[in-house]
Number of protein chains: 4
Amino acid sequence: MKEYSEKETRILNAAAEMFTSHPFHKVLLSDVAGAASVGKGTLYLYFKNKEELYFAVIFREFSILVEKLTKKIKQGNLSPVEQLTTIIKCLTKRLFAKATNVELLGTFVSCPKNEEWQEKRVELWTLIESVIVQGVEQGEFEDSNPRLTAQYIPGFIRSVSLFRPENIDCETIQKHACEFVLKGIKKGK
Amino acid sequence: MKEYSEKETRILNAAAEMFTSHPFHKVLLSDVAGAASVGKGTLYLYFKNKEELYFAVIFREFSILVEKLTKKIKQGNLSPVEQLTTIIKCLTKRLFAKATNVELLGTFVSCPKNEEWQEKRVELWTLIESVIVQGVEQGEFEDSNPRLTAQYIPGFIRSVSLFRPENIDCETIQKHACEFVLKGIKKGK
Amino acid sequence: MKEYSEKETRILNAAAEMFTSHPFHKVLLSDVAGAASVGKGTLYLYFKNKEELYFAVIFREFSILVEKLTKKIKQGNLSPVEQLTTIIKCLTKRLFAKATNVELLGTFVSCPKNEEWQEKRVELWTLIESVIVQGVEQGEFEDSNPRLTAQYIPGFIRSVSLFRPENIDCETIQKHACEFVLKGIKKGK
Amino acid sequence: MKEYSEKETRILNAAAEMFTSHPFHKVLLSDVAGAASVGKGTLYLYFKNKEELYFAVIFREFSILVEKLTKKIKQGNLSPVEQLTTIIKCLTKRLFAKATNVELLGTFVSCPKNEEWQEKRVELWTLIESVIVQGVEQGEFEDSNPRLTAQYIPGFIRSVSLFRPENIDCETIQKHACEFVLKGIKKGK
DNA sequence: TATGAATGAGATTTCATTCAT
DNA sequence: TATGAATGAAATCTCATTCAT
């Protein structure tokens, strides 16, 4: 897990706040600097440019999520169904809480950080895939392409969190999403 | 269906081309004007500013898709399973083809056009939902919350199209997605 | 006296309205056209460009004033004191009424119309000068440079009309200005 | 007296140069920036926009004039006649030298700076008025409305400087203007 | 003659980035 | 390291003018 200095953390927090509530081009670095209580020039000591800062934000958010999930899955002694349930609930909770997290998973700019982030995304997919594969091996799941399914999951949770029906609560989504996925891959008799 | 003049169409085509291959702030209106073979000022005759043009592009792309789907579903005499299959295949094909269509379904900026677009999104969800509900009524599907499922579908297709595994082809995704969804909501014995 | 067609008059009226209440660069030709109920292109049938229209406005306003004054002076059988009083009162009344007539007599752009207008200005000065000279010849006035005095008069009336003390009325200014000027040039014993 | 930083002064000097020789809409901020040897963006660090810069220029020019005059009048131990003579000569000299200073004292745009400038204008009028009142009190002048007279003076000097007869020199105007004003308000026997 | 959609040069302005301190 | 004034390239947008109808 990447370590961040205190100042770097302040900047990333401020930037996360802005980038998750405004599109890239509406976020001003002077505002980020102000919110982080650092000088505008200081941003450039820690991040090469606006784009790198943007990806650093997403990367950190994503890393925290992936790390937490990985820990839960690897450490617990859970069945594939339980593991998948954990993942879906955890993702839903997170994205539901940060639904304004608009750009997250959104834009596509070529930039070194972007690749770093792509790796994290792959890490998440691979985690989910491994759970499905394990379930298949244990005869609980059947799936002709677990990697695709692994990609579906964060994708639809993001979507439903972002544009959620009015008055729906997180638990309802969690429950429904688990049922849907588990039914979608459970081994037929 | 909104009508567009010939010039408006040229502008929207050019803008779609640019916005789907570059992030918002990298798209220059002068380039759009050039690509549409109109003067820069002409853009402002048809669209109040860059943001409105951006949303007009997304809105039109989305409208075309929704209209096409609606027509297919409403006109054909298809079973719920066939209808859902049609929707998933169609969405997948479209998003797979425009995978660079980054912002599509993505960004969230308050702007009048945005609300117009939100309505289109709702239109799509409602269409899918109605197919599921019909399937439930006919005893083919079971789903405790068809609206959520309806939202999952474009969400995960977008995601898997955007960040698709290397060397995968559209048909594979179409087939797998259909199986996954149909299994996820098919009526148990 | 220059003749204006009906349409030209409509345009000049509309332009006068705008130019006398806004600075040159804030006046949009589209607004002028709209106010005159003609197409934007029509303006260009009557006036070469914005600057010419601007000067045509000033020129017409000024011409009307000068012509009226000249008629009064030339036709009446007035003493020099009465003539000067008439001129001052007339100028004051006019400028007092159009005090927002900001640019009038103000800006300085080289343009053929400008020279035409300069001639009108000279016409006014010459008229006033001739009255003073006449007064000098009749032993009522003394003035080492009647032309300068002739220029002072519209200048200070413009200024006091434009930035007039609050609550002052036109008659007070008229009376005071007449006294001031007449005393300033009356023949000492 | 308002203080200006070195850079602000450079900008104001450059802007004064441009605005006094060209009408507002012909002055390019890029030229101003170039002439001041600063970046275009730097202008916006010191002045909110073109209009504010414009008024800042006029305001400074005017302030300098008013301050100089005030100092001369207040410090010198001069009779009212001498004071008035000083004012008229000084104003004439100044406006004669900057006769291209077209807009000076001219335009009328609502803008915060404009009010600031109006105050300066009032300051000048009040100064002149006080000299006249003093002369009246000392039995040298008589004037039924010294404030009006005070407003006449800069007004007619501006006008005669702006549109001066050919080949006239400053001294001639100064001398004539003094005679005219002094005679216009001198106490009759 | 009359129009107003179209134009595009060029205006104002922004803001990521630099750099002297 | 930290700063933020300064920068200026480049963005958006305006509007006088043209011209096909």
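Residues numbered from 1 in each chain as written. Chains lettered and ligands numbered in written order. Predicted model: local features only at pLDDT ≥ 70, side-chain atom pairs only at ≥ 80, totals over all residues. Heavy atoms only, no water.

A. Quick look at the protein's contact with DNA strand F. With respect to spatial proximity, 31 residues lie near DNA strand F, and among them A:Thr42, B:Lys40, B:Lys50, D:Thr42 and D:Tyr46 are the closest. When the atoms of DNA strand F within 4 Å of the protein are grouped by moiety, sugar and phosphate amount to 65% of the total. The contact in question runs from a phosphate oxygen of DNA strand F to an N or O atom on the side chain of A:Tyr46, over 2.8 Å. Within the residue set of the surface near DNA strand F, elements represented by two or more residues are α3 (40-46) of chain A, α3 (40-46) of chain B, α3 (40-46) of chain C together with α3 (40-46) of chain D. Counted by class, the surface near DNA strand F contains 14 nonpolar, nine polar and eight charged residues. (Near = heavy atom within 4 Å. Polar contact = N/O pair within 3.5 Å; in protein donor to acceptor, adjacent residues only side chain to side chain. Helix = DSSP H or I, 4+ residues; strand = E, 2+ residues; numbered from the N terminus. Nonpolar A, V, L, I, M, F, W, Y, C, P; charged D, E, K, R; others polar.)

B. The arrangement of the side chain of C:Thr86 in detail. All names here are of chain C. Tracing the backbone shows Thr 86 in helix α5 (residues 80-97). In terms of polar contacts, Thr 86 uses its side chain to reach the backbone carbonyl oxygen of Glu 82, at 2.7 Å. When sequence neighbours within four positions are dropped, the list of residues in contact with Thr 86 reads Leu 69, Lys 72, Ile 73 and Leu 78. (Contact = heavy atoms within 4.5 Å.)

C. Representation of the relation of the copies chain B and chain A within the structure. In the superposition of chain B on chain A (RMSD 0.3 Å, axial shift 0.2 Å), the rotation amounts to 180 degrees. Seen this way, the second copy is the image of the first under a two-fold rotation axis. Of the interface residues in chain B, 100% have counterparts in chain A that sit at the interface too, so the contact is made through matching surfaces. (Least-squares fit on C-alpha atoms with pLDDT ≥ 70 in both.)

D. The arrangement of the interface of chain D and chain C in detail. Listed per partner, the contact involves 46 residues of chain D and 47 residues of chain C. Carbon and sulfur atoms make up 65% of the area that chain D and chain C hide from each other, which totals about 3,900 Å². On the chain D side of the interface with chain C, the three residues burying the most area are D:Tyr152, D:Phe163 and D:Phe180, jointly 20% of the side's total. The salt bridge involving C:Glu51 is made with D:Lys26; its shortest N-O contact spans 3.1 Å. Remark: the boundary between chain D and chain C carries 18 residue pairs in polar contact (both at pLDDT 80 or more). (Buried area = accessible area lost by both parts, 1.4 Å probe. Salt bridge = Lys/Arg side-chain N within 4 Å of Asp/Glu carboxyl O.)

E. Highlighting the environment of B:Cys90. Residue and element names in this part refer to chain B. By secondary structure assignment, the location of Cys 90 is in helix α5 (residues 80-97). A sequence separation of 17 residues divides Cys 90 from Ile 73, and the C-alpha atoms of the two residues are 11 Å apart. Apart from the residues within four sequence positions on either side, Cys 90 is in contact with Lys 68, Leu 69 and Lys 72.

F. Quick peek at the environment of A:Glu140. Residue and element names in this part refer to chain A. Here Glu 140 lies in the loop between α6 (112-137) and α7 (146-162). Looking at Glu 140, the relative accessible area reads 31%, which means it is partly exposed. Counting along the chain gives 60 residues from Glu 140 to Pro 80, while the straight-line C-alpha distance between them is 7.9 Å. Sequence-distant contacts of Glu 140, defined by excluding residues within four places in its chain, comprise Ser 79, Pro 80, Val 81, Gly 135, Ile 185, Lys 186 and Lys 187. (Buried < 20%, exposed > 50% of the residue type's maximum accessible area, 1.4 Å probe, protein only.)

G. Spatial organisation of the confidence of the model for chain A. In the predicted model, chain A carries a mean pLDDT of 88, and 90% of its residues have values of at least 70. Here residues 101-109 of chain A is modelled with pLDDT under 50, and outside its nearest four sequence neighbours on either side it reaches 42 contacts, counting other chains as well. (pLDDT = per-residue confidence, 0-100.)

H. Just the relation of the copies chain D and chain C, in detail. It takes a turn of 180 degrees to lay chain D on chain C, together with a shift of 0.2 Å along the axis; the resulting RMSD is 0.3 Å. Same-surface contact between copies: 100% of interface residues of chain D are shared with the interface of chain C.

I. How the structure looks around the protein's contact with DNA strand E. DNA strand E sits among 31 residues. The nearest are B:Lys40, B:Thr42, B:Tyr46, C:Thr42 and D:Lys50. Taking all atoms of DNA strand E within 4 Å of the protein, the share assigned to sugar and phosphate is 64%. Backbone polar atom of B:Gly39 to a phosphate oxygen of DNA strand E: 3.1 Å apart, as the coordinates give it. Counting residues per element, the ones that place at least two in the surface near DNA strand E are α3 of chain A, α3 of chain B, α3 of chain C together with α3 of chain D. Here the residues of the surface near DNA strand E sort into 14 nonpolar, nine polar and eight charged.

J. Quick look at the interface of chain B and chain A. On the side of chain A, 46 residues touch chain B, which itself brings 46 residues to the contact. Carbon and sulfur atoms supply 65% of the area buried between chain B and chain A, which totals about 3,900 Å² over both sides. Sorting the residues of chain B by area buried against chain A places B:Tyr152, B:Phe163 and B:Phe180 first, and these three jointly supply 20% of that buried surface. Inspection of the chain B/chain A interface yields four salt bridges. One salt bridge connects B:Lys183 with A:Glu142, and the closest N-O pair in it is separated by 3.4 Å. Counting across the interface, chain B meets chain A through 17 residue pairs in polar contact (both at pLDDT 80 or more). Elements represented by at least two residues in the side of chain B that touches chain A include exactly α6 (112-137), α7 (146-162) and α8 (170-185) of chain B. Counting residues per element, the side of chain B that touches chain A draws most heavily on α7(B), which supplies eleven residues. Residues that form the side of chain B that touches chain A fall into these classes: 20 nonpolar, 13 polar and 13 charged.

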